[in-house]
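# Examination of the molecular architecture
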Amino acid sequence: MSAVTVRVPAKVNLQLGVGPLRDDGYHDLVNVFHAVSLFDEVTARPAERLEIRVEAAPHSRVAVGGVPTGGDNLAAKAARAVAARLGTEPRVALRIRKAIPVAGGMAGGSADAAAALVACARLWDDRERPALSRDDLVEIGADLGSDVPFAVLGGTAVGTGRGERLTPALTRGVFHWVFATADGGLSTPAVYGECDRIRLAEGRPPERAEVSEALMTALATGDAKALGAALTNDLQPAALSLRPSLRRTLDAGRDLGAIGALVSGSGPTCAFLAETDEDAAGLAEALDGAGVAAQVVRASGPVPGATVI
Ligand SMILES: C[C@](O)(CO)[C@H](O)COP(=O)(O)OP(=O)(O)OC[C@H]1O[C@@H](n2ccc(N)nc2=O)[C@H](O)[C@@H]1O
Ligand SMILES: Nc1ncnc2c1ncn2[C@@H]1O[C@H](COP(=O)(O)OP(=O)(O)OP(=O)(O)O)[C@@H](O)[C@H]1O
């Protein structure tokens, strides 16, 4: 096979319930993931050795400067993990075309890792070896990062444990989103650390998070207004503490008619829900005009996970 291209979506967390800090440095979560139609693309070609090239997708203004191009890139780690599982060498060139903001709370790096898992598994699939199943790739992905298994599967799913144990959620219809990106990312460990610091300072010991029934019902019935009202993110106070300007972005989206507004994951991207595609178009234009975002991007969900195209 000469080349395999995989398209992989960004995520927004519809509920991010952060429980206690575990002994291994991770937090127990209730993490309702939702894949949206903002995609990175990873192309895998046979090569002498593992090579990584990272570029912004055509028409996207993603700043790719901070993305590692060596062995630290999550897609490179994914290629090595697949090769190790198959007992082969990672002789592959990976070209990553990014439209998902970097360090934006939309799991861009995890998405690229998931895409590389799927692309390499396909590239190295031959009669000499048993093919890797999607479950195998989900399992390999969990070792690369907590968000990677979801990027393999896509759709809408409830993640427990550190977010890697997934159960698909029942949804109906399409949800219309507007994302406001910010200049400069936020570090995921720093945001979790700030969450712990705030809880300690407020004397609030973290409780085990529970799945929101209101959220699950809104998803199952396709009720956008109810979904907007049920969106929650326990990392939001921490993201706002580290990046106070996000408050203005969230307020602007609400004032301009969003039916739901929250920080996406660890931030700094803010996510806004609209009732219809038309409402999303209007909201995106108004948000762009308000000057509270680096870039305003529309997307819909749920969409499938990493897919060969
Ligand atoms: C914020 C989210 O994106 C929400 O989906 C994820 O929880 C983060 O997932 P991720 O970027 O894949 O994170 P990982 O690479 O697994 O972990 C990076 C760091 O985030 C923190 N982390 C992550 C997941 C988790 N359940 N608890 C944590 O405290 C830890 O400090 C960890 O060292
Ligand atoms: N392929 C990749 N794309 C983007 N960042 C990568 C990649 N590989 C490694 N990284 C590193 O990971 C860091 C976080 O990037 P990423 O875009 O995944 O953040 P994020 O969207 O906030 O993640 P999450 O939502 O999972 O917390 C980057 O600053 C970069 O150093």
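Keep in mind that what you see is a predicted model, and the values were worked out from it rather than measured. (Residues numbered from 1 in each chain as written. Chains lettered and ligands numbered in written order. Predicted model: local features only at pLDDT ≥ 70, side-chain atom pairs only at ≥ 80, totals over all residues. Heavy atoms only, no water.)

A few words now on the packing of aromatic side chains. Following the criterion strictly, the structure yields two aromatic pairs and no others. Judged by centre distance (4.7 Å) and plane angle (10°), the ring pair of Phe 33 and Phe 150 falls under stacked. Here Phe 33, found in strand S2 (residues 27-46), pairs with Phe 150, found in helix H4 (residues 148-153); they are 117 residues apart in sequence, far enough to count as distant. Just as Phe 33 is buried, Phe 150 falls in that class too. (Phe/Tyr/Trp six-rings, centres within 6.5 Å; stacked < 30°, edge-to-face > 60°. Helix = DSSP H or I, 4+ residues; strand = E, 2+ residues; numbered from the N terminus. Buried < 20%, exposed > 50% of the residue type's maximum accessible area, 1.4 Å probe, protein only.)

Mapped onto this structure's residue numbering, the UniProt feature "binding site: ATP" (unreviewed entry) falls at Pro 101, Val 102, Ala 103, Gly 104, Gly 105, Met 106, Ala 107, Gly 108, Gly 109, Ser 110 and Ala 111. Examined against the element boundaries, Gly 105 turns out to sit in the loop between strand S4 (92-98) and helix H2 (108-123). Accessibility expressed as a relative area gives 9% for Gly 105, which makes it buried. Dropping the residues within four chain positions of it, Gly 105 is found in contact with Lys 11, Asn 13, Ser 264, Gly 265, Ser 266 and Gly 267. With respect to the helices and strands, the residue Gly 109 is situated in helix H2. Beyond its immediate chain neighbours, meaning those up to four positions away, Gly 109 contacts Leu 74 and Lys 98. (UniProt positions renumbered as here; feature names shortened; annotations may be inferred. Contact = heavy atoms within 4.5 Å.)

Now for the site of ligand 1. Surveying the vicinity of ligand 1 reveals 19 residues, the closest of which are Asn 13, His 27, Ser 146, Asp 147 and Tyr 192. Asn 13 is positioned with one of its side-chain polar atoms (N or O) 2.9 Å from an oxygen atom of ligand 1. Its free accessible area being 640 Å², ligand 1 has 82% of it covered by the protein chains. For the shell around ligand 1, the element with the highest residue contribution is S2, accounting for four residues. Residues of the shell around ligand 1, tallied by class, amount to seven nonpolar, nine polar and three charged. A domain-level breakdown of the shell around ligand 1 finds at least three residues from each of domain 1 (4-169 + 304-308) and domain 2 (175-300). (Near = heavy atom within 4 Å. Polar contact = N/O pair within 3.5 Å; in protein donor to acceptor, adjacent residues only side chain to side chain. Areas by Shrake-Rupley, 256 points an atom, 1.4 Å probe, with all protein chains shown as cover. Nonpolar A, V, L, I, M, F, W, Y, C, P; charged D, E, K, R; others polar. Domains from an automatic or database assignment.)

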